[in-house]
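The primary structure of each chain is shown beneath.
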Amino acid sequence: GMGFVDPGIINVEKGVSVFSAIMPGWKNVPVKKYLEEKLVFNVFLINTSQAKVLAEHSFGGGKGIDNLIFIEYGEGISCGIISEKTVLGGYKEIAGEMGHFNFPGRNEKCKCGSRGCLEAIASFAAIENRFLHCLKSGEKSLLRIEGRHVLIEDIAGVFEKNDSLAEKVLGEASLFLASAISNVIKLLNPQVVMLDRNFLKLGKKFIGIMIEEANKNLLYGEK
């Protein structure tokens, strides 16, 4: 057989990709049926965060850890969960959608249709759009944009140089990410939390601030 990793909400029983916030138009796709007709062998559907935490638990840095969380980060935000050696999917196999935690008082529209989601506030695209909006509104930065889209690597570069606008935008994103991560830890009490390598695109300074803020929110015994 073959495993098919899908970047969204899936129906494992029916083998259908229900919805993906980062892939417009990818709705109710009968992935399992289509692939099995073409390949003539069994296909198992799993979402990306579950696949990543399973891979780390089986072969990577999470090997031998019975309770593990993998924070997936980039264009989307999610977490894969290993609880007592088992991948935790929940009733509809959509456990771990931390990118769609809602934050009161935030009105950013998310691709899922809701507002104030973590993904709409602190994903790569959200950070880039927020920085560019502030820049176009006249806020000062070391970064100069001339007829092109601002990239997350550019923002991270000037953040390391203590750029005021980068500190504002990334500082805000780090607080929301830290809050979400600490809440997941309080809910699931894992042994280890692994961060997606995409966090490295934001630099060590950002990661340090985010982890420090997350630790401030944890209960005694969780740090």
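Each chain carries its own residue numbering, running from 1 in the direction its sequence is written. Local features are withheld for residues below a pLDDT of 70 in this predicted model, meaning they are given only at 70 or higher, and side-chain atom pairs are given and counted only at 80 or more; totals for whole chains, interfaces and linings count all residues. With hydrogens and water stripped out, all remaining heavy atoms of the structure feed into the side-chain values.

Caption draft 1: Structural view of the packing of helix 4 (residues 124-136) against helix 6 (residues 164-188). The angle between two axes is taken between their N-to-C directions and runs from 0 to 180 degrees, where each axis is a line fitted to C-alpha atoms and a helix contributes only its stretch in contact. Where helices and strands are cited, they refer to DSSP runs of H or I of at least four residues and of E of at least two residues respectively, numbered from the N terminus. At a minimum axis distance of 10 Å, the contact between helix 4 and helix 6 shows a crossing angle of 145°. For helix 4 against helix 6, the interelement crossing comes out right-handed. Contact residues: Ile127, Arg130, Phe131, Cys134 and Leu135 in helix 4; Leu165, Ala166, Lys168, Val169, Leu170, Glu172 and Ala173 in helix 6. Across the contact of helix 4 with helix 6, the residue classes tally to 9 nonpolar, no polar and 3 charged. The hand of a helix crossing depends on one turn: near helix anticlockwise from the far one by less than a right angle means left-handed, and clockwise means right-handed. Residue contacts follow a heavy-atom distance rule, with two residues in contact if any of their heavy atoms lie within 4.5 Å. Think of it as three bins: nonpolar holds Ala, Val, Leu, Ile, Met, Phe, Trp, Tyr, Cys and Pro, charged holds Asp, Glu, Lys and Arg, and polar takes everything else, Gly as well.

Caption draft 2: Highlighting helix 6. Any helix carries an expected span of 1.5 Å times its number of residues minus one. Under the 1.5 Å per step criterion, the end-to-end length of helix 6 is 36 Å for 25 residues, consistent within 8% with the ideal 36 Å. Structurally, the start of helix 6 carries an N-cap: the backbone nitrogen of leucine 165 is 3.2 Å from a side-chain oxygen of aspartate 163. For the purposes of these results, a polar contact is taken to be a pair of N or O atoms within 3.5 Å, where, inside protein, one atom must be able to donate a hydrogen and its partner to accept one; residues adjacent in sequence count only when each atom of the pair is a side-chain atom.

Caption draft 3: Focus on unusual backbone geometry. Positive phi is not limited to glycine here, since valine 40 has a value of about 60°. Relative to the helices and strands, valine 40 is located in the loop between helix 1 (31-39) and strand 5 (43-47). A relative accessible area of 69% places valine 40 in the exposed class. Notably, asparagine 189 is not glycine yet its phi reads approximately 50°, a positive angle. Residue position: asparagine 189 is located in the loop between helix 6 and strand 9 (192-195). The buried label applies to any residue whose accessible area, calculated with a 1.4 Å probe on protein chains only, is under 20% of its type's maximum; exposed applies above 50%, and partly exposed to all values in between.

Caption draft 4: Representation of the packing of aromatic side chains within the structure. Geometry of aromatic contacts follows a simple scheme: Phe, Tyr and Trp rings, the Trp one being its six-membered ring, pair when their centres are within 6.5 Å, and the pair is stacked under 30 degrees between planes, edge-to-face over 60, tilted otherwise. This model, assessed by the stated rule, comprises 3 aromatic pairs. Relative to phenylalanine 124, the ring of tyrosine 73 lies with its centre 5.1 Å away and its plane at 80°, an arrangement referred to as edge-to-face. Taken together, the residues tyrosine 73 in strand 6 (residues 68-73) and phenylalanine 124 in helix 4 connect sequence positions 51 residues apart. The class of tyrosine 73 is buried, set by a relative accessible area of 2%. Phenylalanine 124 sits in the buried class, given a relative accessible area of 5%. Note on tyrosine 73 and phenylalanine 199: the rings are 4.4 Å apart at their centroids and 15° apart in plane angle, and the pair reads as stacked. With tyrosine 73 in strand 6 and phenylalanine 199 in the loop between strand 9 and helix 7 (203-217), this residue pair connects regions lying 126 residues apart in the sequence.

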